[in-house]
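# Observations on chain architecture
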Amino acid sequence: MRVLSIILAGGVGTRLGVLTETLAKPSVHFGGKYRIIDFVLSNCTHSDLEGIAILPQYRPVELIRHVAMGRPWDLVRRSSHFAILPPHKEWYRGTADAVYQNIEYIDYLNPDVTLILSADHVYLMDYRPFLQYMDVKNARAVLAATRVPWEEAPRYGIVVTDEHQRILEFQEKPQHPKSNLANMGIYAFRWSFLRELLLEDAENESSSHDFGADIWPRLVSVGEPVYAYQFNGYWLDVGTIKSYWEGHMDLVAPFPRLNLYDPRWKIYTYPSDLPSPIFVEGGTARSSLVSEGAVVKGTVLKSVVGLQSVIEEGAEVVESIIGPRSYIGKGAKLYRVITGESVQIGDGTRIGEGEAVPNQAAPGIYTEGITVLGRNVSIAPNSVIGKQASIQEGASVHGTIPSGAHVNRE
Amino acid sequence: MEAFGFIFAQDWARSLEPLTSVRPVASLPVLGKYRAIDFPLSNMVRSGIVRIAVSLDPEANSLLDHLRIASQWDLDRKEGGLFVLPGKYLGTVDVLFKNIAFLKRAAEDIIFMVWGDCIHSLDYGDLLKFHVEKAADITYVGPSENPNVVVMNKYLLLEILFAYKDLRDFWRDVIATIRGDLHLEEYPKRVPMYRVSEGLDAFYRLHMDALDLSIYSKLTENLIMTKLRDFPPAKFTTTSRIHNSIISDGCIVGGHVINSVVGRNSVIKAGAYVENCILMQDVTVEEGARLVNVIADRYTTIRANREVVSNKIAIIPREHVV
């Protein structure tokens, strides 16, 4: 069985607020040294998949550089295919349209099966049993789904199945979910079958050309037997500031639900050639991850410190995520702060103080008391910033920023 | 760059046994994540040298394994790249003389000779400029009796080789004999330089010096490349206490680490105490174990509650369980 994996990497990630202003969601940093797309690519490597096409769209530049033609994932073989296919005809209208617009490429490779994956999720999964599941069920199309907490179900595409896992109904972000089985955005289709579906969907003017909203509900409505494969491992939809932060707090927990230390399932990433982190002048860390190139002179607690970041003397970083190449000045105090790349925080600045009030620009995005600084933000010494504030990429801040405030760049 | 590189990595260095009974000195693990040879290799590559030969003992399995994937130093090139030259060599003259074909065929005229145990981060481009500006026959860096880097024209080298092929050491025997006839220039030493083959003290001092951030930054500023192992960032648990130490990727630290360098993929469990130590890679220090002034080689395990406390440096050899 020849499989072509198609990785949809066009996500804008609007609910990640200022972190995704100039960065596609798959390129967002995760776990100190990774980017979100590393997880799906590493899964492909470990699943022995050799045909990979990445379909970026929004802000593809950093993604293309990071992916480096698949070399860090050992995906470069004479027998394999690795392609990055940004829109070359028109903007992709939806996930199904992205595949439709690349029919020519897929036909050229002529796989038996297309495995559709998303670059927006953090999880470790062997795709081979999932691909076999299609044969087990003798189906032309299957998807992978996972149980989510019932109260979270309204955030997801929900799949309702019978006792044989045959899909009976789709509910897109339902207020009253009939099931807690969430669609993971992982699909396997016989290519000849998907090809027909895509041609048909492209002609349909009322379609939004999306797998979850159009293709799958249509298959169910015409009575095609399609099945849900249940995945029981850790799966994080890095869709919101809350889930992004919780994903990192999972990593610093004593027994993380996501195990990055499994020698059989390493997560690969673009190599950075940085020296090991050093702790000097009283620098220490507890319940934290500290990445290569970091210099820690202050105290890091329940936090993740990115590549090449500097935590100065007397600084305290608590329940925070520090993006790569950031600088936390002397005596600065950070509580529940997420920073993008290359953020400068001046000496004596305090962030995450006071009462949490709803964010004035996007109250649904900045929650859990977390203040988010976009990349290249610079905060002057001795500033004070409250909770649930958001600072736009490249903005310079000094003085007092109250909780819930949104600061734009000038 | 109009130069090619030659790294002498055939020596095992008796003075560092038992660390060097299992590997040549050029593949000695240093500073948590590197092997000594990463420094000369990376300095060359970062300075634009793309044709690099490494002479080594054919039994140097650890070094051969380390160099296996040339792309990790950007040396998988169509023109140039990494050339491994194995042999049972008698000395550096023998190394060069037996590989005259390589020297002759190299497209570049200037040769950079570096010993594989030299730890420094230096822009060899500046060094070449100096060599050309001084119109020197030979420019060297480091002690004049035993330099770390030697730069010269390969045709001059070939001439000298044919004339003195019966001597043993290129510098101490050949150049020492004829240096009066040559225009030698010493390149001013601007960066910290270490030579681990000098002995255990030098190896230990390198690591303790590196705990000074200004020295560590200077040693690694060239972004030294090494064999990738793709570990996650170092993790510190609720019980960890760290003081003045380097902790590498893949480590999980629950114990107390003071003035130490901890190599990749090591585990220091809760209640363990590590002071003034060098843990290479893949070392496990179990609960309540206590290590002071210890060099633990790769794949060693210190069992729970065991103590290795020493006034002078104690070595736990590779794969040993204490």
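Residues numbered from 1 in each chain as written. Chains lettered and ligands numbered in written order. Predicted model: local features only at pLDDT ≥ 70, side-chain atom pairs only at ≥ 80, totals over all residues. Heavy atoms only, no water.

### Observations regarding the overall build of chain B
Put simply, the rule reads: Counting from the N terminus, the helices are DSSP H or I runs at least four residues long and the strands are E runs at least two residues long. Restricting the calculation to C-alpha atoms gives the radius of gyration, and the globule rule supplies 2.2 Å times the number of residues raised to the power 0.38. Partly exposed residues are those whose accessible area sits between 20% and 50% of the maximum for their type, while under 20% is buried and over 50% is exposed, using a 1.4 Å probe and protein chains only. Contacts are residue-level and defined by heavy atoms, with any inter-residue pair within 4.5 Å sufficient.
A tally of helices and strands in chain B yields nine helices and 24 strands. Relative to the 2.2 N^0.38 estimate, which gives 20 Å for 322 residues, the radius of gyration of chain B is 20 Å and therefore close to what a compact globule would have. Overall size of chain B, expressed as C-alpha extent along the three principal axes, is 60 × 35 × 30 Å. Evaluated residue by residue, chain B yields a buried proportion of 61% over its 322 residues. Within chain B, counting contacts between residues at least 6 apart in sequence, those at least 24 apart form 55% of the total.

### Observations regarding the interface of chain A and chain B
Accessible area lost upon the coming together of the parts serves often as the stated size of an interface. The cut-off we apply is this: Whenever a carboxyl oxygen of Asp or Glu lies within 4 Å of a side-chain nitrogen of Lys or Arg, that contact is scored as a salt bridge. Polar contact is defined as a pair of N or O atoms within 3.5 Å, subject to the rule that within protein one atom must be able to donate a hydrogen and the other to accept it, and that residues adjacent in sequence are counted only when both atoms are side-chain atoms. Amino acids outside the nonpolar list (Ala, Val, Leu, Ile, Met, Phe, Trp, Tyr, Cys, Pro) and the charged list (Asp, Glu, Lys, Arg) are all regarded as polar, and Gly is one of them. In this description, strands pair whenever DSSP reports at least two bridges between them.
Taken residue by residue, the interface counts 37 residues in chain A and 39 residues in chain B. Put simply, chain A and chain B have three salt bridges between them. Between Lys33 of chain B and Glu292 of chain A there is a salt bridge whose closest N-O contact spans 3.9 Å. Seen at the junction of chain A and chain B, the total is 19 residue pairs in polar contact (both at pLDDT 80 or more). Taken together, the elements giving at least two residues each to the side of chain A that touches chain B come down to helix H8 (241–252), strand S14 (278–279), strand S15 (284–286) and strand S16 (288–290) of chain A. Residue classes in the side of chain A that touches chain B are distributed as 21 nonpolar, eight polar and eight charged. As paired strands, S14 of chain A and strand S14 (residues 245–247) of chain B are joined by two bridges and run antiparallel to one another. Opposite Ile278 of chain A, over in S14 of chain B, you have Ile246 of chain B as the bridge partner.

### Quick look at the environment of Tyr92 of chain A
All names here are of chain A. When you line up the elements, Tyr92 lands in the loop between strand S5 (81–84) and helix H3 (95–100). For Tyr92, a relative accessible area of 7% corresponds to the buried category. It is 8.7 Å that separates the C-alpha atoms of Tyr92 and Gly10, two residues lying 82 residues apart in sequence. When sequence neighbours within four positions are dropped, the list of residues in contact with Tyr92 reads Leu55, Pro56, Gln57, Leu85, Pro86, Pro87, Asp97, Ala98, Gln101 and Asn102.

### Overview of unusual backbone geometry
Glu17 of chain B connects to Pro18 of chain B through a cis peptide bond whose omega is 5°. Tracing the backbone shows Pro18 of chain B in the loop between strand S1 (3–8) and strand S2 (29–30). Unlike most non-glycine residues, Gln165 of chain A shows phi in positive territory, near 65°. If you trace the backbone, Gln165 of chain A turns up in the loop between strand S9 (157–161) and strand S10 (167–172). The backbone of Asn305 of chain B shows a phi angle near 65°, a positive value even though the residue is not glycine. Tracing the backbone shows Asn305 of chain B in the loop between strand S23 (301–302) and strand S24 (307–316).

### Digging into the side chain of Lys266 of chain A
Here is the rule: Neither His nor the chain termini are counted; the positive set is Lys and Arg, and the negative set is Asp and Glu.
Its place among the elements puts Lys266 of chain A in the loop between H8 and S14. For Lys266 of chain A, which is buried and forms no salt bridge, the nearest opposite charge comes from Asp230 of chain B, at a distance of 5.7 Å. A polar contact of 2.8 Å, which involves the side chain of Lys266 of chain A, links it to the backbone oxygen of Arg229 of chain B. Apart from residues lying up to four places away in sequence, Lys266 of chain A is in contact with Ser42 and His46 of chain A together with Arg229, Asp230 and Phe231 of chain B.

### Concerning the pairing of strand S6 (residues 110–115) of chain B
Residues and elements named next belong to chain B. Along S6, six of the six residues are buried, which leaves the element largely enclosed by surrounding structure. The two faces of S6 match: Ile110, Phe112 and Val114 on one face and Ile111, Met113 and Trp115 on the other face are all buried. Judged from the six bridges that link them, S1 and S6 form a sheet pairing that is parallel. The residue of S6 that forms the bridge with Ile7 is Val114. For S6 and strand S9 (residues 149–153), the ladder comprises five bridges, and the chain directions are antiparallel. Each residue of the ladder has a partner; that of Val114, found in S9, is Val149.

### Remarks on the domain arrangement of chain B
Residues and elements named next belong to chain B. Our working definition: Boundary definitions for the domains trace back to an automatic or database domain assignment. Accessible surface is computed with a 1.4 Å probe, and the buried area is the amount of it that two parts give up when combined, taken over both parts together.
Its domain assignment divides chain B into domain 1 (3–220) and domain 2 (235–316). Relative placement of domain 1 and domain 2: their C-alpha centres are 31 Å apart. Contacts between the two partners involve 20 residues from domain 1 and, on the opposite side, 22 residues from domain 2. Roughly 1700 Å² is buried in total at the junction of domain 1 and domain 2, and carbon and sulfur atoms are behind 70% of that figure. Three residues, Gly32, Tyr204 and Leu211, lead the burial of domain 1 against domain 2; their summed loss comes to 35% of the area buried on that side.

### Here's the deal with the sheet that holds strand S33 (residues 400–401) of chain A
Here we have seven strands laid out as an open sheet, ordered S15-S18-S21-S24-S27-S30-S33 (chain A), and parallel in their pairing. Each edge of the open sheet is held by one strand with a lone partner, namely S15 and S33 of chain A.

### Description of the nonpolar core
The line we're drawing: For our purposes a nonpolar core is just a set of buried Ala, Val, Leu, Ile, Met, Phe, Trp, Tyr and Cys residues, chained together by side-chain atoms within 4.5 Å.
In terms of nonpolar packing, the biggest core is built from 66 residues, with Phe6, Leu103, Phe112, Met113 and Phe170 of chain B touching the most fellow members. Examining the composition of this core, we find that six residues originate from one element, S6 of chain B, more than from any other. Counting 52 residues, the second largest nonpolar core, distinct from the first, contains Ile311 and Ile391 of chain A together with Val283 and Ala296 of chain B.

### Some details on the pattern of salt bridges
Using the criterion set out here, one finds 44 salt bridges over all chains in the structure. Notably, a salt bridge pairs Lys333 of chain A with Glu316 of chain A, separated by 3.9 Å at the nearest N-O pair. Of this pair, Lys333 of chain A sits in strand S24 (residues 333–335) while Glu316 of chain A sits in strand S21 (residues 316–318), and the two are 17 residues apart along the sequence. Owing to a relative accessible area of 36%, Glu316 of chain A belongs among the partly exposed residues under this scheme. A salt bridge links Asp57 of chain B to Lys88 of chain B, with the nearest nitrogen and oxygen atoms 3.0 Å apart. With Asp57 of chain B in the loop between strand S4 (51–56) and helix H2 (61–67) and Lys88 of chain B in the loop between strand S5 (81–86) and helix H3 (92–98), the pair connects residues that are 31 residues apart, well separated along the chain. Asp57 of chain B gets classed as buried once you look at its relative accessible area, which sits at 9%. Look at the salt bridges and you will find they share partners, linking Lys25, Asp120, Glu152, Arg155, Asp237, Lys242 and Glu246 of chain A into a network.

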